[in-house]
Structures are given as C-alpha cells and as structure tokens.
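Residue-level structure breakdown
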Amino acid sequence: MATLIRSKLSNKLSNAATTVSNKSQAKVSGMFARMGFQAATDEEGLGFVACDDLDYDHRQGMQMDILTTDEIGGEGSGDGGGLDGDSHYQRDGTGPPRSGSKDGDPANELTEDKPKITAWEAGWNVTNAIQGMFVLGLPYAILHGGYLGLFLIIFAAVVCCYTGKILIACLYEEDEDGQLVRVRDSYVDIANACCAPRFPSLGGHIVNVAQIIELVMTCILYVVVSGNLMYNSFPNMPISQKSWAIIATAALLPCAFLKSLKAVSKFSLLCTMAHFVINVLVIAYCLSRARDWAWDKVKFYIDVKKFPISIGIIVFSYTSQIFLPSLEGNMSKPSEFHCMMNWTHIAACILKGLFALVAYLTWADTTKEVITDNLPSTIRAVVNLFLVAKALLSYPLPFFAAVEVFEKSFFQDGGRAAFPACYAGDGRIKSWGLSLRCLLVVFTLLMAIYVPHFALLMGLTGSLTGAGLCFLLPSLFHLRLLWRKLLWHQVFFDVAIFVIGGICSISGFIHSVEGLVEAFQYNIQE
C-alpha cells in the first residue's frame with residue numbers, strides 16, 4: 001500500500017515538473033520570438049551540432065593552411081594577421097601565397113610554379129626596351145630640332161612614365177572592402193573592357209594588331225641594324241649586308257625556346273652592359289673634343305619636314321607599354337612597380353639627353369642619322385661590334401612578347417581559340433608550336449632583307465603604333481574606366497596627352513610615308 005502511494009506521488013511530481021518545464025520553455029520561446037529569434041526544434045538542434053562539427057573542421061583546416069604557408073615562407077606573417085595578409089596580397093602581392101586546393105587543382109599548381117621576377121629584373125627589362133638602339137639617332141633629332149628636340153626627349157620620358165602607370169591602374173578595380181584587386185591581365189583585357197558591352201572584342205582586336213605590328217617591327221629593326229653594322233664594320237670582306245642579316249638571324253633562332261621572362265631578364269642585363277660600354281666609348285671620344293664643342297649651333301628652331309620623323313624616333317625609343325602588363329603580372333612584388341618606372345625613366349631621360357647633346361655638340365651640322373657613322377674608322381669598328389651584340393641581346397624581349405600575343409590570341413583563348421594549344425598537359429611546348437616560333441624568326445629576316453630602310457621604318461612605327469600604344473590608348477582607357485575616380489588635374493593630363501599624341505602621330509606618319517615612297521621611287525639604299 002505504501003509502495004503504491006509512493007509511486008503515485010512520484011508520477012504526480014514528475015508530471016508537475018514536466019508541465020513547469022514546458023511552460024518555462026514556452027515562455028522563453030515566446031520571449032525569443034518577440035525579440036526576433038526562433039527556438040530550435042530537435043531537427044534544428046541536430047543541424048546546429050553538425051554545423052558546429054563542420055565549423056570546427058573548417059577552423060582546423062584554416063589553421064593547418066596558415067601553418068603550411070608560414071612554413072613555406074609566407075611574408076605576410078607578423079604585422080597584420082591572416083586577414084590583413086590576404087588583403088595585402090590582393091593589393092600588392094607581398095602577402096602569403098595562396099594555399100593550394102585540397103584536390104590538387106593543376107591550374108593552381110601551374111600558377112604557383114610560374115617563375116616571378118624582382119623589381120630589379122623588371123627594371124632591366126624596361127631599361128633594355130627604352131635604352132635601345134634608337135638612342136643612336138637622338139643626336140640627329142637635336143640637329144633638326146635644337147633645344148626643342150632636347151625638350152622632347154625629356155617630355156617623352158615624363159609622358160611615357162605616366163601613361164605606363166595609368167595603364168597598369170586600368171588592370172585593377174576595388175572590391176567590396178575597398179581593396180585593389182587585379183581583374184585584368186593584359187592590354188587586350190583593358191581594351192575589351194572599354195568597348196564593352198556593345199563591342200566586347202573590338203578593342204582587343206585593335207590592340208592586338210597594334211601590338212603585333214610594334215613588336216614584329218622592333219624585331220625586324222634589330223635584324224636590319226645588325227646586318228648594316230656588320231657590313232660597315234668589315235667592308236672588305238666578301239659578305240653582303242643581306243648575308244650578315246642571315247648570320248644574325250641564325251644566332252637568334254634559340255629565342256624560339258624561351259619559356260619565361262626569367263631567361264629574358266638575363267639577356268636584358270647583358271644588353272644593358274653592352275649599351276653602357278657603347279655610351280662610354282662614344283661619350284669618351286666626344287669629351288676628348290670638348291674644346292671644339294659648337295654651343296652656338298644649338299638653337300630654337302626646327303626643320304618642319306624632317307623634325308616630325310625625329311618625333312617618331314624619340315617616341316619609339318621610349319615604347320615599353322606593351323610589355324608592362326606582362327612585367328607587372330610577373331613581378332613578385334607588384335607594389336614596387338611605380339618605383340621601378342620612376343627610376344628607369346629618370347635614368348633614361350638623363351642618359352639620352354646628355355648623350356644626344358654631347359654628340360651633337362661634337363659634330364654639329366655634320367651629325368649623321370646614326371651617330372657611330374661620325375666616329376673614326378678604328379673606333380667605329382669596336383662600337384659597331386658592341387652595337388650588334390646589343391641588338392642581338394635586345395631581340396628576345398619583343399620576340400617573347402610577340403609570341404605571347406600570338407599564343408593568347410589564336411591558341412590559348414579558352415574554348416574560343418582558332419587552333420589547339422601550343423603546350424602539352426605537362427607544360428612542354430609541342431613540336432609544331434616550336435616550328436611556328438621559328439617561322440616568326442624567319443619572317444623578321446625576310447622583312448629585314450626586303451625593307452632595309454632603318455630610320456624611316458623606325459619613324460613610321462613610332463608615329464603609328466608607338467604613339468598609339470604609349471600616348472593615345474592609355475589616356476583614353478584611363479578616362480573610360482576610371483572617370484568617376486579621377487581628379488580634375490588627372491583628366492586634364494589625359495586629355496592633353498591624347499591631343500598632343502594625336503598631332504605628333506599624324507604628322508610623323510605622313511612624313512615617314514613620304515620618305516618611304518621617295519626611297520623606293522628613287523631606289524635609295526641605307
């Protein structure tokens with residue numbers, strides 16, 4: 001009897017406790033509901049437990065990724081923590097590298113294994129491009145322009161440095177957090193973005209044509225000048241200028257095996273050293289005749305007919321914009337790009353200005369188109385040999401850039417490419433792709449043989465594609481893509497550069513075409 005009473009009391013107490021518990025849960029649920037929350041059911045509770053497990057695994061994976069990147073050598077550890085490092089990496093590439101995907105994505109592996117270049121190596125490439133063979137024609141520009149020609153050398157350096165920076169600025173856009181992220185990879189991507197949405201591929205086609213003409217013409221000019229210099233250095237040898245050009249092209253065939261800008265940077269360093277020796281020899285000879293310098297010959301006047309061609313030569317001597325997106329994308333620290341552009345163009349401006357002025361003061365009115373032709377025969381042979389070495393070492397950079405344009409346009413444009421890829425799955429170039437590269441080298445030889453007019457071709461290329469790629473298109477793209485973020489003085493600079501560049505381009509193109517027509521009409525040889 002007592003046991004039955006105890007069981008009934010315990011049942012009543014448990015039922016009362018359950019009722020109180022349910023009422024308290026109902027009150028709590030109602031309170032949370034009024035606050036905008038909803039009480040979790042048993043199924044939701046199980047879901048939350050699963051989410052907690054997944055969150056724990058995710059956090060453990062993040063910690064392992066951070067430890068892995070730190071062990072690999074990430075530079076972002078220290079000041080900013082993980083989030084700061086990620087945003088810093090997106091902005092200037094100095095943060096820790098991205099961890100590879102867990103399923104081993106080959107695209108990520110290829111991206112991580114791609115060799116990067118330092119700011120110094122990028123600077124050597126830019127210096128090689130803007131301190132090229134064309135510096136030898138700058139004293140001729142002083143002859144036909146006086147102090148205005150000297151001013152144009154300085155002005156072109158400032159403008160090309162500025163347009164190079166704004167061109168790279170067009171590669172970036174701000175994300176939701178206000179950080180700059182690289183959303184475009186090339187000059188073509190910028191042009192397509194400007195022509196979208198009506199003509200999404202028109203701008204890319206225009207830039208591709210201009211780039212190919214510029215790069216191939218640069219390669220042709222290097223072959224032309226190599227054959228010409230070797231022929232003038234050894235006039236008594238039974239070898240024609242065309243034969244020397246063929247010999248130079250045979251030495252350039254290994255360029256077809258280039259795979260990255262890392263190897264090109266080594267050639268650029270050697271090329272810069274050769275250029276330094278040339279400048280030292282020429283300036284040393286000019287300084288030896290400093291007592292005879294003709295300061296009174298430098299005047300404020302221009303030759304209306306010949307000076308526009310000189311403008312094209314000066315502009316062409318500073319063309320590097322077509323290489324800049326590729327160089328900046330291959331830099332290990334893109335944040336150093338602006339500094340690299342500053343010191344390369346300042347150095348080029350000083351060296352070109354002093355070289356042109358000193359050489360003109362030495363020979364005055366007898367200054368020739370290529371200043372080495374004014375040197376005595378003994379010194380001329382030595383300088384010409386260094387010039388040939390410089391021309392051959394300068395060839396790989398525009399050749400590599402031209403190959404990249406061809407491959408991206410016709411062989412690597414996703415699924416829209418006209419031809420299959422030139423590279424196998426393991427990254428090695430296919431035999432027929434290598435054959436196409438060799439054909440490009442041979443094509444530059446054929447053009448150099450049949451169109452051997454160096455100065456006129458240089459002026460024509462500088463006036464047409466040089467001014468377009470260095471002056472017109474960067475300023476136009478900058479206005480189109482970043483109009484809402486530009487200050488008034490930036491808009492003024494862009495418009496002024498576009499107008500001045502257009503005038504110089506049209507005048508130089510007209511006079512260069514007239515010179516070529518005259519040269520072929522009267523069979524004038526270089």
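A brief report on the enclosed structure follows. Counting starts from 1 at the beginning of each chain's written sequence and moves along it residue by residue. Predicted model: local features are reported for residues with pLDDT of at least 70 only, side-chain atom pairs are reported and counted for 80 or more only, and whole-chain, interface and lining totals are derived from all residues. Calculation of side-chain values draws on the structure's entire complement of heavy atoms; hydrogens and water are dropped beforehand.

**Looking at the overall build of the protein chain**
As a reminder, the rule being used: Here a helix means four or more residues in a row that DSSP labels H or I, a strand means two or more in a row labelled E, and each is numbered from the N terminus. We call a residue buried when its accessible area falls under 20% of the maximum for its residue type, exposed when it is over 50%, and partly exposed in between, using a 1.4 Å probe and counting protein chains only. Any pair of residues with heavy atoms lying within 4.5 Å of one another is described as a contacting pair. All accessibility values rest on the Shrake-Rupley procedure with a 1.4 Å probe; residue burial counts only the protein chains present in the view.
Helix and strand content of the protein chain: 19 helices and two strands. For the protein chain, the proportion of its 526 residues judged to be buried stands at 44%. Taking as baseline every contact in the protein chain between residues at least 6 positions apart, the subset at least 24 positions apart corresponds to 77%. About 28,100 Å² of surface is accessible on the protein chain, with carbon and sulfur atoms providing 65% of the total.

**Brief notes about the side chain of S317**
To keep it simple, the criterion reads: We call two N or O atoms a polar contact when they sit within 3.5 Å, provided that within protein one can donate a hydrogen and the other can accept it, with sequence-adjacent residues counted only if both atoms are side-chain atoms.
The residue S317 is located in the loop between α12 (307–316) and α13 (324–330) in this model. The buried category is assigned to S317, whose relative accessible area is 1%. At 2.5 Å, the side chain of S317 and the backbone oxygen of I314 are in polar contact. Leave out the neighbours within four places in its chain, and S317 touches A129, I130, F134, L138 and K352.

**Some details on the packing of aromatic side chains**
Note the cut-off: Think of it this way: a Phe, Tyr or Trp ring, Trp meaning its six-membered ring, pairs with another when their centres are within 6.5 Å, and the plane angle makes it stacked under 30 degrees, edge-to-face over 60, tilted otherwise. Whether a charge sits over a ring depends on NZ of Lys or CZ of Arg being within 6 Å of the ring centre and within 35 degrees of the ring normal.
Scanning the entire structure with this criterion turns up nine aromatic pairs. Note on F492 and F493: the rings are 6.1 Å apart at their centroids and 55° apart in plane angle, and the pair reads as tilted. Judged by its relative accessible area of 52%, F492 falls in the exposed class. Feature note: the residues Y162, F492 and F493 constitute an aromatic cluster, connected by ring pairs. Over the ring of Y318 we find K352; its NZ or CZ atom is 3.6 Å from the centre of that ring.

**Topic: the nonpolar core**
Note the cut-off: Only buried Ala, Val, Leu, Ile, Met, Phe, Trp, Tyr and Cys residues count toward a nonpolar core, and they belong to the same one when joined by side-chain atoms within 4.5 Å.
I314, Y318, F323, Y395, F399 and F477 are the most contacted members of the largest nonpolar core, which totals 118 residues. For Y318, the residues in contact, after removing those within four places along its chain, are I130, I153, A156, A157, C160, H345, A348, C349 and K352.

**Re a nonpolar patch on the surface**
In plain terms, the rule: Residues with no salt bridge and a relative accessible area higher than 30% make up the patches, which join like charges within 9 Å and nonpolar side chains (Val, Leu, Ile, Met, Phe, Trp, Tyr) within 5 Å. Salt bridge criterion: a side-chain nitrogen from Lys or Arg within 4 Å of a carboxyl oxygen from Asp or Glu.
On the surface, L464, I506, F509, I510, V513 and V517 cluster together into a nonpolar patch covering about 500 Å² of accessible area. With five residues, helix α19 (residues 488–521) is the single largest residue contributor to the nonpolar patch. Take V517: its relative accessible area is 49%, and that puts it in the partly exposed class.

**Brief notes about the packing of helix α9 (residues 202–233) against helix α16 (residues 396–410)**
What counts, and what does not: Only C-alpha atoms enter the line fits that serve as axes; for helices the fit covers just the stretch in contact. Angles between N-to-C directions range over 0 to 180 degrees. In this scheme the crossing of two helices becomes right-handed for a clockwise turn of the near helix relative to the far one and left-handed for an anticlockwise turn of less than a right angle. In this classification, Asp, Glu, Lys and Arg are treated as charged, Ala, Val, Leu, Ile, Met, Phe, Trp, Tyr, Cys and Pro as nonpolar, and every other residue, Gly included, as polar.
Between α9 and α16, the shortest axis-to-axis distance is 9 Å and the interhelical angle comes to 150°. By crossing handedness, the relation of α9 to α16 is classed as left-handed. For the pair formed by α9 and α16, the contact residues are N208, Q211, I212, L215, T218, C219 and Y222 on the first element and P398, F399, A401, A402, V405, F406 and S409 on the second. Class assignment of the residues belonging to the contact of α9 with α16 gives a composition of ten nonpolar, four polar and no charged.

**Some thoughts on α19**
For clarity, the cut-off: Expected span, for any helix, means 1.5 Å times one less than how many residues it has.
Here α19 contains 34 residues, and its C-alpha end-to-end distance of 50 Å stays within 8% of the 50 Å for a straight helix at 1.5 Å per residue. Within α19, burial applies to V491, D494, I497, G501, G502, C504, S505, G508, S512, G515, L516 and A519.

**What to know about the pattern of salt bridges**
Counted according to the given criterion, the structure contains four salt bridges. Measuring nitrogen to oxygen at the nearest pair gives 2.5 Å for the salt bridge that ties E173 to R184. Placement of E173 in strand β1 (residues 172–174) and of R184 in the loop between β2 (180–182) and α8 (187–195) is noted, with a sequence separation of eleven residues between them. Among the residues examined, E173 registers a relative accessible area of 38% and is labelled partly exposed. Take R184: its relative accessible area is 10%, and that puts it in the buried class. One salt bridge connects D365 with K297, and the closest N-O pair in it is separated by 3.4 Å. Here D365 is found in the loop between α14 (337–363) and α15 (377–394), whereas its partner K297 is found in the loop between α11 (261–288) and α12, with 68 residues between them in sequence. Relative accessible area serves as the criterion here: at 48%, D365 is assigned to the partly exposed category. The class for K297 is partly exposed, based on a relative accessible area of 32%. Here the salt bridges do not stand alone but share partners, grouping R182, D185 and E328 into one network.

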